[in-house]
Amino acid sequence: MSFDRMHLLDLESLSREEIIHILDTAESFREISEREIKKVPTLRGFTVVNLFFEDSTRTRISFELAEKRLSADVVNFSKSTSSVQKGESLLDTVENLLAMKMDIIVMRHGASGAPHYLAERVPASVVNAGDGKHEHPTQGLLDMLTMRHHLGDLSGRKVVIVGDILHSRVARSNIHGLTKLGAEVVLSGPPTFIPPKPESLGVSVDYDIGRALKGAHVVNVLRVQKERQEGGLMPSMRAYARDWQVGLKHLELLAPDGIVMHPGPMNRGVEIAQEVADGPRSVILEQVTNGLAVRMAVLYLLSEARKKLERGEIEEKPLEKSEVLA
Amino acid sequence: MKDWSEICKQGEFWLTKVKIVDPEAGRIFEGAVKVDGGLIAEVREGAFAGEGKILDGEGLHLAPGLIDLHVHLREPGYEEKETVQTGAMSAARGGVTTLCSMPNTNPICDDGSKVAFIRARARQAGLCRVLPVGAITRGSDGKQLADLGEMHDEGAIAFSDDGWPVADAGIMRRAMELSRAWDLLIMSHSEEASLSRGGQMHEGSVSSRLGLEGIPRESEEIAVEREVRLAKMTGAKLHICHISSGGSVDIIRRAKAEGLRVTGETTPHYLLLDHSHVSTYDSHKKMNPPLREKIDQEALVQGLIDGTLDAVATDHAPHTEIEKNVEFAYAPFGVTGLETSLSAVITRLVEPGLLDLPAAVALMSSKPAAIIGVEQGRLVAGAPADLVLFDPTERWTVRGKETASRSDNTPFEGMELTGRVRATFLAGRPVFRRYEEDGESRESFTPNLAKEAAIA
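Since the model is a prediction, treat every value here as computed from it, not as a measurement. (Residues numbered from 1 in each chain as written. Chains lettered and ligands numbered in written order. Predicted model: local features only at pLDDT ≥ 70, side-chain atom pairs only at ≥ 80, totals over all residues. Heavy atoms only, no water.)

### A short note on the overall build of chain A
When helices and strands are tallied, chain A shows 12 helices and nine strands. Taken against the 2.2 N^0.38 rule, which gives 20 Å for 326 residues, the C-alpha radius of gyration of chain A at 20 Å falls within 12% of a compact globule. Along the longest, intermediate and shortest principal axes, the C-alpha atoms of chain A span 55 × 50 × 45 Å. Within chain A, the proportion of its 326 residues that are buried is 58%. In chain A, the share of contacts with a sequence separation of at least 24, taken over all contacts with a separation of at least 6, comes to 74%. Accessible area for chain A stands at about 13700 Å²; split by element, carbon and sulfur atoms hold 49% of it. Looking at chain A, you have 41 positive and 45 negative side-chain charges, and the mean spots of the two groups are 3 Å apart. (Helix = DSSP H or I, 4+ residues; strand = E, 2+ residues; numbered from the N terminus. Rg over C-alpha atoms; globule rule 2.2 N^0.38 Å. Buried < 20%, exposed > 50% of the residue type's maximum accessible area, 1.4 Å probe, protein only. Contact = heavy atoms within 4.5 Å. Areas by Shrake-Rupley, 256 points an atom, 1.4 Å probe, with all protein chains shown as cover. Lys, Arg positive; Asp, Glu negative; His and termini not counted. Charge placed at Lys NZ, Arg CZ, Asp CG, Glu CD.)

Put into structure tokens, the structure is as follows:
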């Protein structure tokens, strides 16, 4: 298996084999962070720009650390310190950066599809660090890596995602990745938080969290955003917590080896009870550790693909085009 | 290459060796057409060499010039997107000889002087008849009725707050009531905004995957139902614009069965594309209402076949590349269509045998003419000599860059379509021609500025 892509835009377009290959590669990178000198020269000579148009602490730090441990040159760019506020277009912003020869762009953006837009127009590799309500592929990968550590092969395993699925890029990346690995994915949350036609995503829905969690191997709890409540989708945070907070009583419903996950940052006492977040089933901090390994793996694989492209060993494939009327 | 414009200058000529597409009689026959003084003087069937001045139609098809009920010309206010001049060129290139211009310019076309301005601009362009649609409310703010009577006096053909649906049912009721005084046509952009607000594309499986906010069918259907009930209540003449949803077709079918004066149009893009075409976040597939599903497409086609829907209009909505070449969520709604509508309809409806050519042409000529009550759109003696000469079998690939419009935001980029316009006549003069010279395809525009043409 080789990974010949120039970009990581989403998990939906990856094959099962490609996902497994990234996860396997991440396993070997986990060890680097355990060393006394936590650094390898893999990305020496590569310049990576972290382009964050939305606030992010953990994802940006995780990427930055991954880049530095791979010895890349790193540039950080965030909306508050840029000319974006003056109305410069995304393409102009990026072309200015590329004039200084950047190889890889790690981008977080509030508009779904923004990384796809960019990938079609610039020669650099684009890594999606979360786009709008679409996908957050490295989060999906680190979630799967964490699940694999605790459960082994994920096929046939039941994963329940609880919360605001409609607006969650984490949920979409989990759904695409997990269904490709053969897991059974169940969504739970208030009906106003469930996207239309969920069956088209290959998942089932159970509004009753207790029923949904029965025998689950994983419960992945999503952050509930206050502004969504005010948008009229739920009466209040309290109303959400009453029926969909994952509490102690839910843990006994899980499979004996069942784990609790959360992509962070947590609203303790809203979507997840304090005792659960800090309890023995929680693997939330492991997720953070694995995030670093996954991001190192992704950057490494993209850099290798770029080298192969330069050597003419592979050709750049056009991005998938929508089917056009024959 | 003989210059057709010179030949036509005297006002009297025969256009011979053409296959005449008569949308009203529903048939195609070989023959010739005599034009005199901007009108069709005679339609003669059978082989005929012609007498006097002759234009050789070379066996091409000849139909009434197309009538497009829904076009955004953008002038005044948004001249960077389109002007009356460039919009009229785009129309001529697409075989469109009469178009209704929507009032959502800046300022909004909401009084008589603004209607007169657009008509004057169109006369200067001399490439297409432009019939302005006036706003229903002042500034299209949905609050206070505009002076419909004054705009009517200046030549407004219909009334609409297109782009900003009239949210208040009470205002729409009063507009429909007032329209009865002159029996004006109300064109409704039917959208219940509280259901569509923030939406970027059709709400369904693709919006779920892409993480884009959805616009459900119901936002259109509920509004169509409201308009139909108000039309029944008031007796107004109602036309529903750019229908995208199969459910809306059912509502109009019931309204017609009830005998209400309700008509409806759909667009080429709803007939050829669906929400799956949005899956690469291509902003050239973004318009409002949005591309829906295959089942909607089929219902729209069925509505055109059984007569529930009366017209195909383009909702030609030019936007600059600067505006469109951005992240999907930030791009404005709208696509161009004037230059592809005939080809799109032939490709989608005629080629697969769903409609014959005269029936398809009727949707873009005689039927819309009946909706707005104009004498164009017919190929009979006495009608204005607005004509389109075309090859219904020529295959070509759509390239936005080749457009005559100021904007190139076509949703059909790269698609191969069948049927292509070769010449467009406006009031008896060839205003657009595409011809071969020295083995190369050339195009020419010749405005018809003759006084007697009295276009627009």
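From this point, the narrative continues.
### A closer look at the domain arrangement of chain B
Residues and elements named next belong to chain B. According to the domain assignment, chain B contains domain 1 (4-63 + 383-397 + 411-453) and domain 2 (65-372). Taking only C-alpha atoms, the centre of domain 1 and the centre of domain 2 are 28 Å apart. Each partner contributes to the interface: domain 1 provides 40 residues, whereas domain 2 provides 38 residues. Interface of domain 1 and domain 2: buried area, both sides summed, is about 2800 Å²; carbon and sulfur atoms make up 69% of it. Scanning the region where domain 1 abuts domain 2 turns up three salt bridges. The closest approach of N and O atoms between R395 and E351, which form a salt bridge, is 3.1 Å. At the surface where domain 1 touches domain 2, the tally comes to 12 residue pairs in polar contact (both at pLDDT 80 or more). Those elements that place two or more of their residues in the side of domain 1 that touches domain 2 are strand 1 (12-22), strand 2 (27-36), strand 5 (61-64), strand 16 (387-397), strand 17 (416-426), strand 18 (429-437) and strand 19 (440-445). Among the residues forming the side of domain 1 that touches domain 2, the class breakdown is 24 nonpolar, seven polar and nine charged. (Domains from an automatic or database assignment. Buried area = accessible area lost by both parts, 1.4 Å probe. Salt bridge = Lys/Arg side-chain N within 4 Å of Asp/Glu carboxyl O. Polar contact = N/O pair within 3.5 Å; in protein donor to acceptor, adjacent residues only side chain to side chain. Nonpolar A, V, L, I, M, F, W, Y, C, P; charged D, E, K, R; others polar.)

### Concerning helix 3 (residues 112-125) of chain B
Residues and elements named next belong to chain B. A rise of 1.5 Å per residue sets the reference length of helix 3, with its 14 residues, at 20 Å; its end C-alpha atoms lie 20 Å apart and thus fit the reference within 8%. Within helix 3, the full set of buried residues consists of G112, V115, I118, A122 and A125. For helix 3, the arc enclosing every buried residue in end-on projection is 150 degrees, short of the 170-degree limit, so these residues lie on one face. Exposed positions of helix 3 whose direction lies more than 90 degrees from the buried face are S113 and Q124. For helix 3, the elements touching its buried residues are helix 2 (84-93), strand 7 (96-101), strand 8 (129-134) and helix 4 (148-153). The positive-phi residue at the C-terminal boundary of helix 3 is G126, with phi of around 65 degrees. (Expected span 1.5 Å × (residues − 1). Arc of directions from axis to C-beta.)

### Brief notes about the confidence of the model for chain B
Taken residue by residue, chain B gives an average pLDDT of 96. The fraction at 70 or more is 98%. Confidence metrics for the complex model read pTM 0.93 and ipTM 0.89. (pLDDT = per-residue confidence, 0-100.)

### A short note on the interface of chain B and chain A
In this assembly, 23 residues from chain B lie in contact with 28 residues from chain A. Between chain B and chain A, roughly 2100 Å² of surface is buried when both sides are summed, and carbon and sulfur atoms account for 54% of that area. Per-residue buried area on chain B facing chain A is highest for S208, R209 and E327 of chain B; these three make up 27% of the total on that side. Linking chain B with chain A are three salt bridges.

### Some words on the packing of helix 5 (residues 169-179) of chain B against helix 8 (residues 217-234) of chain B
Residue and element names in this part refer to chain B. Close contact between helix 5 and helix 8 brings their axes to 9 Å; oriented N to C, the two are set at 45 degrees. Relative to helix 8, the element helix 5 lies oblique. You can see that helix 5 and helix 8 cross each other, and the crossing is right-handed. Residues A169, M172, R173, M176 and E177 of helix 5 touch helix 8, and the partners they reach there are R226, E227, L230, A231, M233 and T234. Class assignment of the residues belonging to the contact of helix 5 with helix 8 gives a composition of six nonpolar, one polar and four charged. (Axes fitted to C-alpha atoms, helices over the stretch in contact; angles between N-to-C directions. Parallel < 35°, antiparallel > 145°, perpendicular 65-115°, else oblique. Left-handed = near helix turned anticlockwise from the far one by under 90°.)

### Focus on the pattern of salt bridges
One pass over the structure, following the stated rule, counts 56 salt bridges over all chains. A salt bridge links E177 of chain B to R173 of chain B; the shortest N-O distance between them is 2.9 Å. One end of the pair, E177 of chain B, and the other, R173 of chain B, are both in helix 5, four residues apart, so they sit about a helical turn from each other. Note on E177 of chain B: relative accessible area 30%, which makes it partly exposed. The residue K232 of chain B makes a salt bridge to E258 of chain B at a minimum N-O spacing of 2.6 Å. Linking K232 of chain B in helix 8 with E258 of chain B in the loop between helix 9 (246-257) and strand 14 (262-266), this pair joins segments that are 26 residues apart in sequence. Through salt bridges with shared partners, a single ionic network connects K197 of chain A together with R217, E293 and D296 of chain B.

### A few points about the packing of aromatic side chains
Under the definition given, this model contains eight aromatic pairs over all chains. Note on F29 of chain A and Y300 of chain A: the rings are 5.5 Å apart at their centroids and 55 degrees apart in plane angle, and the pair reads as tilted. In this pair, F29 of chain A is assigned in helix 1 (residues 16-30) and Y300 of chain A in helix 12 (residues 284-310), connecting sequence segments 271 residues apart. Look at F29 of chain A and you get buried, because its relative accessible area is 7%. Grouped by ring-pair contacts, the aromatic residues F193, Y240 and W244 of chain A constitute a single cluster. A cation over an aromatic ring shows up here: R433 of chain B above the ring of W4 of chain B, its NZ or CZ 3.6 Å from the ring centre. (Phe/Tyr/Trp six-rings, centres within 6.5 Å; stacked < 30°, edge-to-face > 60°. Lys NZ or Arg CZ within 6 Å of the ring centre and 35° of its normal.)

### Observations concerning the side chain of H136 of chain A
Looking at where H136 of chain A falls in the secondary structure, it is placed in the loop between strand 4 (125-131) and helix 5 (137-151). A distance of 3.2 Å separates polar atoms of two side chains, one belonging to H136 of chain A and the other to R108 of chain A.

### Details of the pairing of strand 8 (residues 218-221) of chain A
Each regular strand shows side chains that alternate between the opposite faces of the sheet. All names here are of chain A. Burial along strand 8 is two-sided: the residues V218 and N220 and V219 and V221 are all buried. By the bridge criterion, four bridges tie strand 5 (residues 158-162) to strand 8 in an arrangement that is parallel. In the sheet register, I161 faces strand 8, and the bridge partner there is N220. (Pairing = 2+ DSSP bridges.)

### Points about the sheet that holds strand 2 (residues 73-78) of chain A
Residue and element names in this part refer to chain A. Spatially, 2-1-3-4 is the arrangement adopted by the four strands of the open sheet, whose pairing is parallel. Edge positions in the open sheet fall to strand 2 and strand 4, since each of these has one partner strand only. Averaged over all pairs of adjacent strands, the angle between strand axes in this sheet comes to 15 degrees, irrespective of strand direction. Across six bridges, the pairing between strand 1 (residues 47-52) and strand 2 is parallel. Looking across to strand 2, one finds that N50 is bridged to N76.

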